[in-house]
Amino acid sequence: MVDPQWQPVPMDLLQTANSGPRKKRPRKMEASLASTPHDIKFQDLVLFILEKKMGTTRRTFLMELARRKGFRVENELSDSVTHIVAENNSGSDVLEWLQVQKIKASSQLELLDVSWLIECMGAGKPVEMTGKHQLVVETDYPASPEPGHQMTLPLTAKQISPYACQRRTTLNNQNQIFTDAFEVLAENCEFRENESSYLVFARAASVLKSLPFTIISMKEIQGIPCLEDKAKCIIEEIIEDGESSEVKAVLSDERYTSFKLFTSVFGVGLKTSEKWFRMGFRTLNQIKSDQSLKFTRMQKAGFLYYEDLVSCVSRAEAEAVSELVKEAVWTFLPDALVTMTGGFRRGKKIGHDVDFLITSPESTEDEDQLLHRVINLWGKEGLLLYYDLVESTFEKFKIPSRKVDALDHFQKCFLIFKLPYQRVDSGKSVQLEGKTWKAIRVDLVMCPYECHAFALLGWTGSRQFERDLRRYASHERKMILDNHALYDKTKRILLQAESEEEIFAHLGLDYIEPWERNA
Ligand code: CTP
Ligand code: MN
Ligand code: MN
């Protein structure tokens, strides 16, 4: 027997957004449709369909259709409504409308585009709500709430985007107790090369960093995207016990602590750590004193300058390095643009290294000689403790890489700089026990001028922000973004950009300032 609720839906009614001229329908039909009673199959959902910009006819049609499919649809907006469905409205529009109606949006209220309802109608049941269905509210979070001023949540949970590139994440992390826990778990997954679990924890940490309030009960996390059950359990445990047993277990896990220690040496990655761990090593002293082990040039430097390199780089040190980098670069290419990128550009006060992007608006033939000349100069001045210069493999007009974590093709130099202390703070003299310099990790990247905006965006980070930018580009815009270019797959063209703002605009994203990219 055919289920009467499974009557085919006229596709033209479903698909036409009400942009074109609409034919008037006899009012009689509305009345007869609305009066038919239907069984409610999905008790947890209470829908309300917004008439604004949708029109009465289409609204009535969709309401009736949803009811026939077993959804509970309210005629009037009330407290019992859980899902508001709108068409041609942004999240901000809906919120504004709610405000005019003097209705307060609770954090559980879902604001959805009509595309979600249409998919539900096709499936005959509620379908999963994803970022493309959820209406986004553009808003500027206050960077930090006034001290003593209890900040009220300006947004409902559903307006938080599942993409880090649609969230403003400053360094003012209100949920550090949770994000620290997630970062330990994510790192542990990285050490175990468990990519999928890594992403679960990294995304959870990232979304919590963007919240303008502190989580104090499970109520606040309802509807927040990027929080899978695994992550929610950890949050619940921390709320109840002040700590997570899983995090505690990881922190005392031998594999985790060993990997953490080994990878803290410059030049030691997962492969080497794995090898040393399997060989039974547990301390750096055991490793250093073992005669049978062979170290790379990078690892030798890593051990030699270990203490300096694990002590973080301060902003004052980064600025001092910046002066020396500019001085050297401008000796050879006076018009070159030198920009400090990475964490310091995002406003961080400390870093594990200092990153620079160099480009020259006046393309010269021997542009590729610049880094060699800088290295030579510093070598002569005794300022270089280690360097590895990687030549460019960049090709013009190449379609960007699809891989989210692909390395870029620019000419680069990874080095350890010998920073004379007097350059750090001449007034106070920060010399320590007769030491006159500090070893500092520096990354120099040289890029062709035409892709400097892409390179700047790519090298500013954070890692999670970059990953979500690429994911957003491909999943939401059918575009491919990497450190060199942006490719529109539909139009089959490379999109040009002079600035980061233009790249965000190409992607249809609101501009996010560098200090809001600490995702
Ligand atoms: N990056 C990249 N390709 C690399 C290395 C880094 O595109 N081979 C980008 C990453 O997106 C990263 C940014 O450059 O976000 C800076 O990298 P890194 O120095 O590792 O991280 P920071 O964010 O600067 O953090 P830290 O303070 O620890 O240096
Ligand atoms: Mn860095
Ligand atoms: Mn770096």
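Throughout, residues of each chain are indexed from 1 in the direction in which the sequence is written. Lettering for chains starts from A, numbering for ligands starts from 1, and both go in the order in which the items are written. Given that this is a predicted model, residues contribute local features only at a pLDDT of at least 70 and side-chain atom pairs are listed and counted only at 80 or more, while totals for whole chains, interfaces and linings are drawn from all residues. To get the side-chain values, all heavy atoms of the structure are used, and hydrogens and water are removed first.

Engineer: What is the right way to read the confidence of the model for the chain from this model?
Structural biologist: Detailed conclusions should not be drawn from predicted coordinates in areas where pLDDT is low. The score called pLDDT rates the predictor's confidence residue by residue, from a low of 0 to a high of 100. Mean pLDDT over the chain stands at 88; residues scoring 70 or higher make up 87%. Whether two residues are in contact is decided by their heavy atoms: any pair within 4.5 Å suffices. Between residues 16-34, whose pLDDT stays under 50, and residues either more than four places distant or in other chains, the model counts 17 contacts. Throughout residues 140-154 the model reports pLDDT below 50, and contacts reaching past four residues in sequence, or to other chains, amount to 17 contacts.

Engineer: Sorry, what's going on with the pattern of salt bridges here?
Structural biologist: Once the charged atoms of two side chains with opposite charge are near each other, the side chains can pair. Salt bridge, as used here, is a side-chain nitrogen of Lys or Arg placed within 4 Å of a carboxyl oxygen of Asp or Glu. Under the definition given, this model contains 26 salt bridges. Linking Glu-190 and Arg-463 is a salt bridge whose minimum nitrogen-to-oxygen distance equals 2.9 Å. In this pair, Glu-190 is assigned in helix H6 (residues 176-191) and Arg-463 in helix H19 (residues 463-477), connecting sequence segments 273 residues apart. Here Asp-408 and Lys-412 are joined by a salt bridge, their closest N and O atoms 2.4 Å apart. In this description a helix means any DSSP run of H or I spanning at least four residues, a strand means any run of E spanning at least two, and both kinds are numbered starting from the N terminus.

Engineer: Can you walk me through the sheet that holds strand S14 (residues 493-495) in this structure?
Structural biologist: Remark on secondary structure: sheet strands pair via backbone hydrogen bonds, oriented parallel or antiparallel. Sheet architecture is open: three strands sit in the order S12-S13-S14, paired in antiparallel fashion. The outermost strands of the open sheet, each flanked by one partner alone, are strand S12 (479-481) and S14. Going across the sheet, the axis of each strand differs from the next one's by a mean of 25°, ignoring polarity. As defined by bridge partners, strand S13 (residues 486-488) adjoins S14 across three bridges and the pair is classed as antiparallel. Bridge pairing links Leu-486 to Leu-495 in S14. Strand pairing requires that DSSP identify at least two bridges connecting the strands. Interaxial angle, 0 to 180 degrees, is taken between N-to-C directions of lines fitted to C-alpha atoms, where a helix line uses only the stretch in contact.

Engineer: What is the right way to look at the site of ligand 1 in this model?
Structural biologist: Whether a residue is near a molecule or strand is decided by its heavy atoms; if any one of them lies within 4 Å of it, the residue is near. The environment of ligand 1 is made up of 16 residues, and the closest members are Gly-343, Arg-346, Lys-348, His-352 and Asp-353. Nitrogen and oxygen atoms within 3.5 Å of one another constitute a polar contact, given that in protein one can donate a hydrogen and the other can accept it, and given that sequence-neighbouring residues count only through two side-chain atoms. Contact distances for ligand 1 include 2.8 Å between an oxygen atom and a backbone N or O atom of Gly-343. Protein coverage of the free-state accessible area of ligand 1, which is 580 Å², stands at 75%. Elements with a minimum of two residues in the shell around ligand 1: helix H16 (342-345), helix H18 (452-460) and H19. For the shell around ligand 1, a count of residues per class yields two nonpolar, eight polar and six charged. Each accessible area value is a Shrake-Rupley result obtained with a 1.4 Å probe; residue values ignore everything except the protein chains displayed when judging cover. Any residue that is not Ala, Val, Leu, Ile, Met, Phe, Trp, Tyr, Cys, Pro, Asp, Glu, Lys or Arg is counted as polar, Gly included; the first ten are nonpolar and the last four charged.

Engineer: Just checking my understanding: could you explain the coordination of the manganese ion (ligand 3) for this structure?
Structural biologist: Four donors placed tetrahedrally about a metal ideally form angles of 109.5 degrees, and six donors placed octahedrally ideally form angles of 90 or 180 degrees. In this listing, donors mean N, O and S atoms no farther than 2.8 Å from the metal, or 3.2 Å for Na, K and Ca; water is missing from the atoms, so a site can look incomplete. Those protein atoms acting as donors to the manganese ion (ligand 3) are Asp-353 (OD), Asp-355 (OD) and Asp-443 (OD), and they sit at 2.1 to 2.3 Å. One chain supplies every donor to the manganese ion (ligand 3), and in sequence these donors are spaced D-x1-D-x87-D. Here the manganese ion (ligand 3) and the manganese ion (ligand 2) are spaced 3.6 Å apart, linked through Asp-353, which binds each one. On the criterion of sequence distance, the pair formed by Asp-353 in the loop between strand S7 (350-351) and strand S8 (354-359) and Asp-443 in strand S11 (residues 437-446) is long-range, its members being 90 residues apart.

Engineer: What should I look at first to understand helix H5 (residues 114-123) in this one?
Structural biologist: Note on classification: 1.4 Å probe, protein chains only; a residue is buried when its accessible area is under 20% of the maximum for its type, exposed when over 50%, partly exposed between these limits. Buried within H5 we find Val-114, Trp-116, Leu-117, Cys-120 and Met-121. When H5 is viewed along its axis, its buried side chains cluster within an angular range of 155° and face the same direction. Contacts from the buried residues of H5 go to strand S1 (42-49), helix H3 (56-68), strand S2 (71-74), strand S3 (83-86) and strand S4 (110-113). Directly beyond the C-terminal end of H5, a positive phi value near 75° is found at Gly-124. Note that the arc is computed from the directions linking the helix axis to the C-beta atoms.

Engineer: Can you walk me through the pairing of S11 in this structure?
Structural biologist: Regular strands have side chains that alternate between both faces of the sheet. By the criterion of burial, S11 is predominantly enclosed, with nine of the ten residues buried. In terms of strand pairing, S8 meets S11 through five bridges, oriented parallel. Note that in S11 the partner of Ile-358 across the bridge is Met-446. Bridge count for strand S10 (residues 411-420) against S11 is ten bridges, and the pairing is antiparallel. Note that in S11 the partner of Cys-413 across the bridge is Leu-444.

Engineer: Sorry if this is basic, but what is going on with the sheet that holds S1 here?
Structural biologist: With parallel pairing, four strands are arranged side by side in an open sheet as S2-S1-S3-S4. The open sheet has two edge strands, S2 and S4, and neither has a second partner. Recorded for the sheet is a direction-independent mean angle of 35° between the axes of neighbouring strands. For S1 and S2, the ladder comprises four bridges, and the chain directions are parallel.

Engineer: Got a minute to help me understand the packing of aromatic side chains in this structure?
Structural biologist: Aromatic ring pairs are described here by two measures, namely the spacing of the ring centres and the angle between the planes. Classification of ring pairs rests on two measures: the distance between centres of Phe, Tyr or Trp rings, Trp counted by its six-membered ring, which must be within 6.5 Å, and the angle between planes, read as stacked under 30 degrees, edge-to-face over 60 and tilted in between. Taken as a whole and assessed by the stated rule, the structure comprises 17 aromatic pairs. With a centroid separation of 4.8 Å and 50° between ring planes, the pair formed by Phe-42 and Phe-71 is classed as tilted. Of this pair, Phe-42 sits in strand S1 while Phe-71 is found in strand S2, placing the two residues 29 residues apart along the sequence. In this structure, Phe-42 and Phe-71 share a single accessibility class: buried. On the numbers, 5.9 Å between centres and 35° between planes, the contact of Phe-394 with Phe-410 is tilted.

Engineer: Teacher, can you tell me more about the nonpolar core here?
Structural biologist: If you look at soluble globular proteins, the nonpolar side chains tend to sit buried side by side. Residues Phe-182, Leu-208, Leu-227, Trp-276 and Ile-287 are the most contacted members of the largest nonpolar core, which totals 44 residues. If you list the elements that add at least two residues to this core, you get H6, helix H7 (195-209), helix H8 (229-241), helix H9 (245-251), helix H10 (254-263), helix H11 (270-278) and helix H12 (284-288). Residue contacts for Trp-276: discarding those within four places in its chain leaves Phe-262, Val-268, Phe-281, Ile-287, Leu-293, Phe-295 and Phe-303. Put simply, buried Ala, Val, Leu, Ile, Met, Phe, Trp, Tyr and Cys residues joined by side-chain atoms within 4.5 Å make one nonpolar core. With 32 residues, the next largest nonpolar core counts Val-325, Leu-333, Phe-344 and Leu-384 among its residues.

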